[in-house]
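If you want the building blocks of each chain, they are given just below.
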Amino acid sequence: MPDSTKQVLYVDLDNTLVDFKSGIGRAHPELLARHDGDLDEIPGIFATMDPLPGAIEAYTELAAHFDTYILSTAPWANASAWHDKVLWVQRHFGFGKDSVAYKRLILSHHKNLNHGDFLVDDRPNNGASGFAGNWIHFGFDESPGCTAPGAGCHGTHLPDWAAVTKHLLDRS
């Protein structure tokens, strides 16, 4: 059940919690050739990916301080991705009601329609750059002039889960 006393935090999956490249390395060469340029359309690819270093631990820690959800987009042309993303969350966070991610997966092509305080996402796509709260651009070094909207870029740029966790806990 949502906790109205905590700030709402959304966290993307691909290249934020999930190491997308690890799935590519496990894909059959024939599938890689067939889907060249659209690797996210390889059936089953999302079920084979590993978590990024520190991602599971960071999400778990942040869930104790925020009303936390996973907000991801599944490729429209890859129906198995919708299923595989649920399985990935269950595999890495647990299946039961005691999981910090239990029934907290939202799949949408319009992340900007979700209301909340923070979104951690590696790309501005699928509405992330239009998110009304604070967008934390995951995976990029923080640089002068790129920490606030209107300063030549959008969002706060942070390189890894250690930096994201510190940044968010300082604001919880």
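A brief report on the enclosed structure follows. These figures come from a predicted structure and were not determined experimentally.

## Focus on the pattern of salt bridges
The final tally for this structure, using the stated rule, is 7 salt bridges. Across the pair Asp12 and Lys111 runs a salt bridge, and its minimum N-O distance is 3.0 Å. Here Lys111 lies in the loop between strand E5 (105-107) and strand E6 (118-121) and Asp12 lies in the loop between strand E1 (8-11) and strand E2 (18-19), a separation of 99 residues in the sequence. Overall, Asp12 belongs to the buried group, its relative accessible area being 4%. Here Arg34 ties to Glu30 by a salt bridge, and the two come within 2.8 Å at their closest N and O atoms. Within this pair, Arg34 and its partner Glu30 are both found in helix H2 (residues 29-34), separated by 4 residues, close to a single helical turn. Salt bridges linked by common partners bring Asp12, Lys111 and Asp121 together as one network.

## Structural notes on the side chain of Thr73
For Thr73, the position within the fold is in the loop between strand E4 (67-72) and helix H4 (79-93). Overall, Thr73 belongs to the buried group, its relative accessible area being 11%. In terms of polar contacts, Thr73 uses its side chain to reach the backbone carbonyl oxygen of Ser108, at 2.6 Å. Thr73 has contacts with Asp14, Lys85, Ser108, His109, Lys111 and Asn126, leaving out every residue within four places of it along the chain.

Calculation notes
Residues numbered from 1 in each chain as written. Predicted model: local features only at pLDDT ≥ 70, side-chain atom pairs only at ≥ 80, totals over all residues. Heavy atoms only, no water. Salt bridge = Lys/Arg side-chain N within 4 Å of Asp/Glu carboxyl O. Helix = DSSP H or I, 4+ residues; strand = E, 2+ residues; numbered from the N terminus. Buried < 20%, exposed > 50% of the residue type's maximum accessible area, 1.4 Å probe, protein only. Polar contact = N/O pair within 3.5 Å; in protein donor to acceptor, adjacent residues only side chain to side chain. Contact = heavy atoms within 4.5 Å.

It is worth stressing that arrangement in space is one thing and function is another; only the former is reported here.
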